[in-house]
Amino acid sequence: MFHLKRVIFCLILFLPANAPLIISSLKLNLFLTILLYFSLYNLYILSNVFPINKKSPNNRHHYRLSALSKGFELILAGFVCFTAEMLAYALFFINYGVGWFWLLFLNALHCALLLFITTVNGSARVIFSSKQVGLALKILLIAFWWFPVLNLILLFKISEKASKEFEFSVYRYNLNQNRKERNLCSTRYPLLLVHGVFFRDWENFNYWGRIPEELVGNGAVVYYGNHQSAAAVEQSAEELKQSILKIIEETNCEKVNIIAHSKGGIDSRYAISLLGMGRYVASLTTINTPHRGCNFVRRILDMTPEKAISAIGDKYEKLFLKLGDENPGFYDSLALLTDENCANLNHIMTNDPNVLYQSAGSMMATPLSAIFPLSVGHVIIKKCEGDNDGLVAVSSMKWGEFLGLVTPKGKKGISHGDMIDLTRKNIDGFDVCEFYVDLVNGLKLRGL
């Protein structure tokens, strides 16, 4: 049914685009000619202001997704009409020659102008509403809209991403609506999300991307570690301890389920094993955590002059003091992540028998799976320790019950940042939000 609407919409655009040829061939009087021009141009304006679009979810993303769908339909209609125009002209010249050359030439210019406006209209809607079309692609289209062939390639890529973004958003919405009453993530104990190094729990830029919203939408109660961005494991663990005790005091929940990413997993293990938090933690699930350290980090520290590390650390610490850290420790946070120091920590951080320990990880397929520094990290770690996510070797991620390695179909793989939805980009074959919904649902089924 919607395909029929698309055909009708293309026809509505096609008629005004060819107004000079249509009206000239009808040989109407002046009044009817003006009236028909007026009617066709109004039809064109209305079709550009109110284009067709697929029904979007009635949620807070409704207007953005509606604009995205309308933009895609305008670009598609512009391309279809342009193709139909070329075919029509080819057939006309084959059958009738160039007898109406000047009229056809003027009509072609008129058609090209109107379809160009339609395509620009659609592109603008997509550019301003899409979260999946990257900034680089948007800039390329704006810069090279005039370049033949290249502009069509860019339009195709942008349209493809816009279409996939819309369909995926609708899929996620319908999925959550159909299972809303099941409360898949309503665990017995609340969730405590613990971030990794060099990030904070900012309200306006969530370290965990779209994941917390999906978890809450499926019944979860979510808290954050609220520890500093960079500090020694002992200090970060102490800060997590205070966060856990605060949650226990405010909610009387008895325990929490910790989900920790990267260094956050080591900080959490330290708090459980050495700071007495085992009695307040039901489970610890670590994601891409370097439990056995990062050989990559040790190599960087060994190769980088102390003055350079000190200079970088000083700038970092000054910046994050302004952003909310009380006592950031750039070098301390890195040094304790080396394979040697993690081995020492593992001797003293024994597992608490009353806590469920789980782990999961991912790997990049090629260096092109992520940007710098993960791309470089992947190459270095691959030679020394094998498969990795750009920062952590797969062999270092496993602790307790290993839930598996995320390995979607395709050549990209999943990087260290992808596992927390850092870039907010949809990845073919890997639904990061659903990964966490399944993970938390597993805790619920265990009675945690």
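Rules behind the numbers
- Residues numbered from 1 in each chain as written.
- Predicted model: local features only at pLDDT ≥ 70, side-chain atom pairs only at ≥ 80, totals over all residues.
- Heavy atoms only, no water.
- Salt bridge = Lys/Arg side-chain N within 4 Å of Asp/Glu carboxyl O.
- Helix = DSSP H or I, 4+ residues; strand = E, 2+ residues; numbered from the N terminus.
- Buried < 20%, exposed > 50% of the residue type's maximum accessible area, 1.4 Å probe, protein only.
- Polar contact = N/O pair within 3.5 Å; in protein donor to acceptor, adjacent residues only side chain to side chain.
- Contact = heavy atoms within 4.5 Å.
- Core = buried A, V, L, I, M, F, W, Y, C linked by side-chain atoms within 4.5 Å.
- Disulfide = S-S within 2.5 Å.
- Phe/Tyr/Trp six-rings, centres within 6.5 Å; stacked < 30°, edge-to-face > 60°.
- Lys NZ or Arg CZ within 6 Å of the ring centre and 35° of its normal.

Asker: An account of the pattern of salt bridges is needed here, citing residue identities and associated values.
Answerer: Two side chains carrying opposite charge are able to pair once their charged atoms lie near each other. Summed over the entire model, instances satisfying the criterion amount to 14 salt bridges. Between glutamate 213 and arginine 60 there is a salt bridge; the shortest N-O distance is 2.9 Å. In this pair, glutamate 213 is assigned in helix H8 (residues 211–217) and arginine 60 in the loop between helix H3 (30–49) and helix H4 (62–96), connecting sequence segments 153 residues apart. The partner of arginine 179 in a salt bridge is glutamate 434, with the nearest N and O atoms 2.7 Å apart. Here the residue arginine 179 occupies a position in the loop between helix H7 (150–178) and strand E1 (191–194), and glutamate 434 occupies one in helix H17 (residues 432–445), the gap between them amounting to 255 residues. Each member of the pair arginine 179 and glutamate 434 is classed as buried. Connected through shared salt-bridge partners, Arg172, Arg179, Glu214, Asp431 and Glu434 make up one network.

Asker: I'd love a proper account of the side chain of lysine 263, names of residues and values included.
Answerer: Considering the arrangement of structural elements, one finds lysine 263 in helix H10 (residues 263–274). One polar contact links the side chain of lysine 263 to the main-chain carbonyl oxygen of alanine 231, over a distance of 3.0 Å. The residues touching lysine 263, leaving out its near neighbours within four places in the chain, are Gly196, Val197, Ala231, Ala232, Val233, Ser236, Pro290, Ser333 and Leu337.

Asker: Which residues make up the nonpolar core, and what are the values?
Answerer: In terms of nonpolar packing, the biggest core is built from 31 residues, with Leu215, Ile259, Phe435 and Tyr436 touching the most fellow members. Secondary structure elements with two or more residues in this core: E1, H8, strand E4 (281–287), strand E5 (356–362) and H17. Ranked by the residues each element gives to this core, the list is headed by H17, at eight residues. If we ignore the near neighbours within four places in the chain, the residues touching phenylalanine 435 are Ile287, Ala360, Val406, Met419 and Phe430. Within the second largest apolar cluster, 29 residues are counted, among which are Val194, Ala232, Val281 and Leu337.

Asker: So, the state of the cysteines: which residues are in play, and what are the values?
Answerer: Disulfides are covalent bonds that connect the sulfur atoms of two cysteines. Applying the stated criterion across every chain, the model contains zero disulfides. Cysteine 81 provides the cysteine sulfur closest to cysteine 10, a residue in no disulfide bond, and the two sulfurs are 4.8 Å apart. Among the residues examined, cysteine 10 registers a relative accessible area of 13% and is labelled buried. The thiol of cysteine 253 is unpaired, and the distance to the nearest cysteine sulfur, on cysteine 185, comes to 17 Å. Its relative accessible area of 12% is what places cysteine 253 among the buried residues.

Asker: An account of the side chain of serine 69 is requested, with residue identities and associated values reported.
Answerer: Within the secondary structure, serine 69 sits in helix H4. On the accessibility criterion, serine 69 (4% relative accessible area) is buried. Reaching out from serine 69, the side chain makes a polar contact with the backbone nitrogen of lysine 54 at a distance of 3.0 Å.

Asker: Go over the packing of aromatic side chains, please, and point to the residues and values.
Answerer: Counted by the stated rule, this structure contains 11 aromatic pairs. Plain terms: the ring middles of phenylalanine 116 and tryptophan 145 are 5.5 Å apart, the flat faces sit at 45 degrees to each other, and that makes the pair tilted. Separated by 29 residues along the polypeptide, phenylalanine 116 in helix H5 (residues 101–129) and tryptophan 145 in the loop between helix H6 (135–143) and H7 bring together distant segments of the chain. Take tryptophan 145: its relative accessible area is 49%, and that puts it in the partly exposed class. Measuring from ring centre to ring centre gives 5.5 Å for tyrosine 207 and tryptophan 208, while their planes differ by 75 degrees; the resulting arrangement is edge-to-face. One aromatic cluster is present, built from ring pairs that chain together Phe199, Tyr207, Trp208, Phe430, Phe435 and Tyr436. Over the aromatic face of tryptophan 399 sits the side chain of arginine 269, whose NZ or CZ is 3.7 Å from the ring centroid. The ring of phenylalanine 205 carries the charged tip of arginine 424 above its face, separated from the ring centre by 4.3 Å.

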